[in-house]
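Observations on the three-dimensional arrangement
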Amino acid sequence: MKSIVVYYSLEGNCKLIGNTVAETLNSPIIELKLRKPVPAKSPMKFIVGGRSAIKKTSPELSNSIPDLSDYELIVVGSPVWAGTFAPALRTFASKARIENKKIAFFACSGGGSTQKCISEMQFLFEGNDFIGDTSFVTPSLKDTENCIHKAQKWADSLILSL
Ligand SMILES: Cc1cc2nc3c(=O)[nH]c(=O)nc-3n(C[C@H](O)[C@H](O)[C@H](O)COP(=O)(O)O)c2cc1C
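The present account deals with the structure reproduced in this document.

Thresholds applied
Residues numbered from 1 in each chain as written. Predicted model: local features only at pLDDT ≥ 70, side-chain atom pairs only at ≥ 80, totals over all residues. Heavy atoms only, no water. Near = heavy atom within 4 Å. Polar contact = N/O pair within 3.5 Å; in protein donor to acceptor, adjacent residues only side chain to side chain. Areas by Shrake-Rupley, 256 points an atom, 1.4 Å probe, with all protein chains shown as cover. 1 Å grid on protein atoms, 1.4 Å probe; cavity = no way out; pocket = protein on both sides within 12 Å on 5 of 7 lines; lining within 4 Å. Points joined across faces, edges and corners; volume = space filled by probe spheres on them. Helix = DSSP H or I, 4+ residues; strand = E, 2+ residues; numbered from the N terminus. Nonpolar A, V, L, I, M, F, W, Y, C, P; charged D, E, K, R; others polar.

Moving on, we come to the site of the ligand. If you check the shell around the ligand, you find 21 residues, and the closest are S9, N13, C14, V80 and G112. The separation between an oxygen atom of the ligand and a polar main-chain atom of G83 is 2.9 Å. Separating an oxygen atom of the ligand from a backbone N or O atom of C108 is a distance of 3.3 Å. When the free accessible area of the ligand is taken as 650 Å², the share hidden by the protein chains comes to 87%.

Set out below in structure tokens:
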């Protein structure tokens, strides 16, 4: 089974989970990068990022998206921004045009619910077979070892459910 992990991360939390899932699945990984990055180290990130999420923008990516047709499982990860997924995922979805794949989502929040983010990602990737999701609260800052273990177990469960 060929799988790939695709995620966006501003502050490293989704990066941690994405890397863990990719290692467990033994799969390649794509970190989505914005051509015009959100300023990670400034409080402006909440205004710039929050506004782009609320306005449902499709910001330009600086990385090109490879052909994903060979992959059976695609794992997609996003931080929660203003209750929903980060806009880089929207750009990815429109470029990659993924259909009829197994798809699974992970989301990292700052403590709020990830439910809307996950269900909106399901809608974004409509036309695929949604096989699972998992959520974390700032895993690179809090309870990191347990979060890594949870991500490994989740990735294993994805393999078993195929
Ligand atoms: C622009 C912006 C909006 C955010 N909105 C929310 C939110 O609505 N709910 C929440 O729980 N956390 C929110 N957060 C916190 C992030 O979801 C959280 O820190 C997450 O773990 C970051 O993942 P990352 O390190 O991969 O970027 C927001 C952070 C940013 C930068």
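If you add up the space inside the largest pocket, you get close to 360 Å³. Along the wall of the largest pocket there are 17 residues; nearest its centre are E11, F46, P79, V80 and W81. At the level of elements, α1 (13-25), α2 (44-54), β3 (73-81) and β5 (102-109) are the ones that each hand at least two residues to the lining of the largest pocket. Among the elements that line the lining of the largest pocket, the one with the most residues is α2, at 4 residues. Considered class by class, the residues forming the lining of the largest pocket number 8 nonpolar, 7 polar and 2 charged. If you add up the space inside the second largest pocket, you get close to 220 Å³. Residue lining of the second largest pocket: L34, R35, K36, P37, V38, V48, S52, T57, P59, E60, W81 and P87, and that is the complete set.

Shape is all these values report; function is a separate question.
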